[in-house]
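# Topology and contacts: notes
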Amino acid sequence: MNSVSECFEHLRSHARCALIPFVTAGDPNLEVTAKALERLDQSGADLIELGVPYSDPLADGPVIQAAATRALQRGTKFEQVLEVVQQVSPRLRSPIILFTYYNPILNRGIDSFLQQIATAGVKGLVVPDLPLEEAEVLLKPAIDHGIELTLLVAPTTPKERLVAIAQQSQGFIYLVSTTGVTGMRAQMESRVKDMILELRSVTDKPIGVGFGISQPEHARQAMEWGADGVIVGSAFVKRLADSSPEKGLQDMADFCRTLKAAIAPN
Amino acid sequence: MTTTPLRPSSQPTSSAQRPDALGRFGKFGGKYVPETLMPALAELEAAFYQYRNDPAFQTELQGLLKDYVGRPSPLYFAERLTTHYARPNGTGAQIYLKREDLNHTGAHKINNALAQVLLAKRMGKQRVIAETGAGQHGVATATVCARFGLKCVIYMGVHDMERQALNVFRMKLMGAEVSPVEAGTGTLKDATSEAIRDWVTNVETTHYILGSVAGPHPYPMIVRDFHTVIGEETRVQSQEKWQGLPDILLACVGGGSNAMGLFHEFVNEPSVRLIGVEAAGEGVQTGKHAATLTHGRVGVLHGAMSYLLQDEDGQVVEPHSISAGLDYPGVGPEHSYLKELGRAEYYSVTDQEALNAFKRLSQLEGIIPALETAHAIAYLEVLCPQLEGFPRIVINCSGRGDKDVQTVAKLFDATEKS
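I will try to describe carefully the structure that is included in this document.

So, how was this worked out
- Residues numbered from 1 in each chain as written.
- Chains lettered and ligands numbered in written order.
- Predicted model: local features only at pLDDT ≥ 70, side-chain atom pairs only at ≥ 80, totals over all residues.
- Heavy atoms only, no water.
- Helix = DSSP H or I, 4+ residues; strand = E, 2+ residues; numbered from the N terminus.
- Buried < 20%, exposed > 50% of the residue type's maximum accessible area, 1.4 Å probe, protein only.
- Contact = heavy atoms within 4.5 Å.
- Polar contact = N/O pair within 3.5 Å; in protein donor to acceptor, adjacent residues only side chain to side chain.
- Buried area = accessible area lost by both parts, 1.4 Å probe.
- Salt bridge = Lys/Arg side-chain N within 4 Å of Asp/Glu carboxyl O.
- Nonpolar A, V, L, I, M, F, W, Y, C, P; charged D, E, K, R; others polar.
- Phe/Tyr/Trp six-rings, centres within 6.5 Å; stacked < 30°, edge-to-face > 60°.
- Lys NZ or Arg CZ within 6 Å of the ring centre and 35° of its normal.
- Pairing = 2+ DSSP bridges.
- Axes fitted to C-alpha atoms, helices over the stretch in contact; angles between N-to-C directions.
- Expected span 1.5 Å × (residues − 1).
- Disulfide = S-S within 2.5 Å.

## Observations regarding the environment of D247(B)
Residue and element names in this part refer to chain B. Among the structural elements, D247 can be located in the loop between α9 (219-242) and β9 (248-252). Assessed through its relative accessible area of 32%, D247 is described here as partly exposed. Expressed as a C-alpha distance, the spacing of D247 and A140, which sit 107 residues apart in the sequence, is 31 Å. Filtering out sequence-adjacent residues up to four positions away, D247 remains in contact with S271, V272, R273, P391 and R392. From its side chain, D247 meets the backbone nitrogen of R392 in a polar contact 2.8 Å long.

## Section: the interface of chain B and chain A
With 38 residues of chain B at the contact, the number on the chain A side is 45 residues. Together, the buried faces of chain B and chain A total about 3,200 Å²; carbon and sulfur atoms form 49% of this surface. Put simply, chain B and chain A have six salt bridges between them. Between R108(A) and D313(B) there is a salt bridge, with the nearest N and O atoms lying 2.6 Å from each other. Across the chain B-chain A interface, the total number found is 23 residue pairs in polar contact (both at pLDDT 80 or more). Contributions of two or more residues to the side of chain B that touches chain A are made by α1 (38-52), α8 (188-202), β11 (297-301) and β12 (304-308) of chain B. When residues in the side of chain B that touches chain A are grouped by element, the largest group, seven residues, is from α8(B). Across the side of chain B that touches chain A, the residue classes tally to 16 nonpolar, 11 polar and 11 charged.

## Examining the packing of aromatic side chains
Overall, the coordinates contain 19 aromatic pairs over all chains when judged by the stated rule. Judged by centre distance (6.0 Å) and plane angle (90°), the ring pair of F99(A) and Y101(A) falls under edge-to-face. This pair shows no difference in class: F99(A) is buried, exactly as Y101(A) is. Ring centres of F48(B) and F226(B) lie 5.5 Å apart, and the angle between their planes is 75°; this geometry places the pair in the edge-to-face category. Note that F48(B) is positioned in helix α1 and F226(B) in helix α9, a separation of 178 residues in sequence. On the basis of relative accessible area, F48(B) is assigned to the buried category, the value being 1%. Just above the ring of F148(B) sits the side chain of R147(B); from NZ or CZ to the centre is 4.7 Å. The side chain of K359(B) reaches across the aromatic face of F412(B), ending 4.6 Å from its centre.

## Remarks on the sheet that holds strand β10 (residues 273-281) of chain B
All names here are of chain B. Taken in spatial order, the six strands of this open sheet run β3-β4-β14-β9-β10-β13, and their pairing is mixed. Of all strands in the sheet, those with a lone pairing partner are β3 (75-77) and β13 (344-350), marking the two edges. Direction aside, the axes of adjacent strands within the sheet are offset by 25° on average. By the bridge criterion, seven bridges tie β10 to β13 in an arrangement that is parallel. Bridging across to β13, A279 finds its partner in V349. On top of the sheet, helix α14 (residues 371-378) reaches β4 (94-98), β9, β10, β13 and β14 (392-396); it is set at about 145° to β9, its chief contact.

## Focus on the sheet that holds strand β5 (residues 127-132) of chain B
Picture the strands of a sheet paired through backbone hydrogen bonds; they go either parallel or antiparallel. All names here are of chain B. An order of β7-β6-β5-β8 is seen for the four strands of this open sheet, with the pairing classed as parallel. The open sheet terminates on both sides in strands that have one partner only, identified here as β7 (177-181) and β8 (206-208). For this sheet, the mean angle separating the axes of adjacent strands, direction not counted, is 25°. Sheet topology note: the β5/β8 ladder contains three bridges and is parallel. Residue R127 lies in a different strand from β8, and its bridge partner there is T206. Where α8 meets the sheet, it contacts β5, β6 (151-157), β7 and β8, and its direction lies at approximately 160° from that of β5.

## Considerations on helix α4 (residues 110-122) of chain B
Residues and elements named next belong to chain B. Helix length check: α4 (13 residues) gives 18 Å between terminal C-alpha atoms against 18 Å at 1.5 Å per residue, within 8%. Taking burial as the measure, the 13 residues of α4 include 11 buried ones, the bulk of the element. For α4, the set of buried residues is I110, N111, N112, A113, L114, A115, Q116, V117, L118, L119 and A120. The elements touched by buried residues of α4 are α1, α2 (55-69), β5, α5 (136-148), β8 and α9. At the C-terminal side of α4, G124 shows a positive phi close to 75°.

## Here we look at the state of the cysteines
Residue and element names in this part refer to chain B. For the structure on display, the rule yields zero disulfides over all chains. Free of any disulfide, C145 has its nearest cysteine sulfur in C152, 3.9 Å distant. By relative accessible area, C145 is classed as buried at 2%.

Okay, here's the thing in structure tokens:
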């Protein structure tokens, strides 16, 4: 399994846009999470974001909040999430990016946290409540452990911050496409196009667009506007949650292929 | 290993220098928020620095604090409470109450809400949101929004809406929308998370009036400074009454705004003991409590590093207190800093001890305190027997208890029947 940047590099050399599905670990249970990772990997995912359930997910909308709550109610623990990664990741093509809030990291201690996730086979890290100023303590140690820490930029980020964040972000730059929390929206804001262009003017690093992308048309739109990757979360989490695990996995896999087709080069 | 620049290790000599430029009180504080909010926090900080010494802003604020809020609030000598705690030899603590309960809306919360709404107006924000636990901050925010004609949405946990029904009615009466939050235990933590999510979504048009000295920088600093009037008045009133400083300051701590408002003016007066009282709920050994500073570990919640009630996996633990305003698993970062410095002391009292104090103050002084405030009063039971001579204690009587009488009546009924 490649690093996050190697994966983007490979896709870019083939002029392809990365598909990055998100699932919440432990919802409905960790066995299904393990299967979901494999199914997504086989159904067109290029990288997979795995959400660690957290009690206070500030950046998440109702769908992912509810998934995290269910996972925690089932007693999902961080170590168990890593066991799943350890067990499944050797069989995956897609690098796994862990999505976690900062408190569980701080609680373990930065070095031992990074050590643990690196050993389990995690390649990338996204921490939604860790802006550039606070990320300093994590950036360098992450490199030492071979983990790429991806920083986020938002529609409200001014140009000079954009430059600074783009310089520090590893793997890719996570472009939050809307002012708001994660969740499904009817359409993409047209300003995303300008944001991608602006970001492109200050960096060569891959740009992944996320928050609010829930339909094949959104994904295609983001790709046409110049995104190197699209991140789709709530739409996957909801499909998995809405029916029996069997059917949920099937719906997820179908949806993954549909998205993949939407962003395939003409 | 770290690339963090070395910072001066010596303690700042003036409290005016706290927090540092990055919003840190020692290691506590900071800005742990989604990137979307970072520019808004910078904008708020800039507005605060621009206006806090601006004569027009100050004239408007001071005028409203006097004529609308009713400041200064009295420093009242609690004679019968003092007699109650007197020793057989006639010595004993002299107990004074800083009567924030007499402010318009019945608590200290209006000081901050009023000042922040004046900032919001100057920043051109037409919509205001806030979180509330006991409803006092929600009422204060709804009040100032009515006064200035701003749209107002208050996030409140469903459990709190039930136990503070009177305040829900007050907010609605003044034109605010009260948005119920069902997540978690339906209390202050969940309401705060939901308010932050709203702010992330509507940040370009909305100002978030955070109600405690918690949250990301610059809130702990702004809210503290807008409540510092409590301590400043206390200094002047102490000087008038006994030509000296208080010996001990006592306040309840949930997020910690009323305590910081009283303490800040005296942090650099080493002779003044600072005591914060947290909610021990059903007892700290039961796990059903909100005693963050006395039983938490360092963590990050709602944008700040501070003490936090959390489990071994770093998940935030749901707190418990009879008092909705103290029912919070975090605490303002400056309190964590004062604790770590050893400058302030923090203790906790149980629901039952607070209820006893609620009754005691009502019967001895004719003052019904908020259940939050009753926690500070309750600590006199422990503190007074330890004191020699005639030390002067100032308790922040942070709110009045009208909002709590229904809750308390039910509990007293239950006790009498059992």
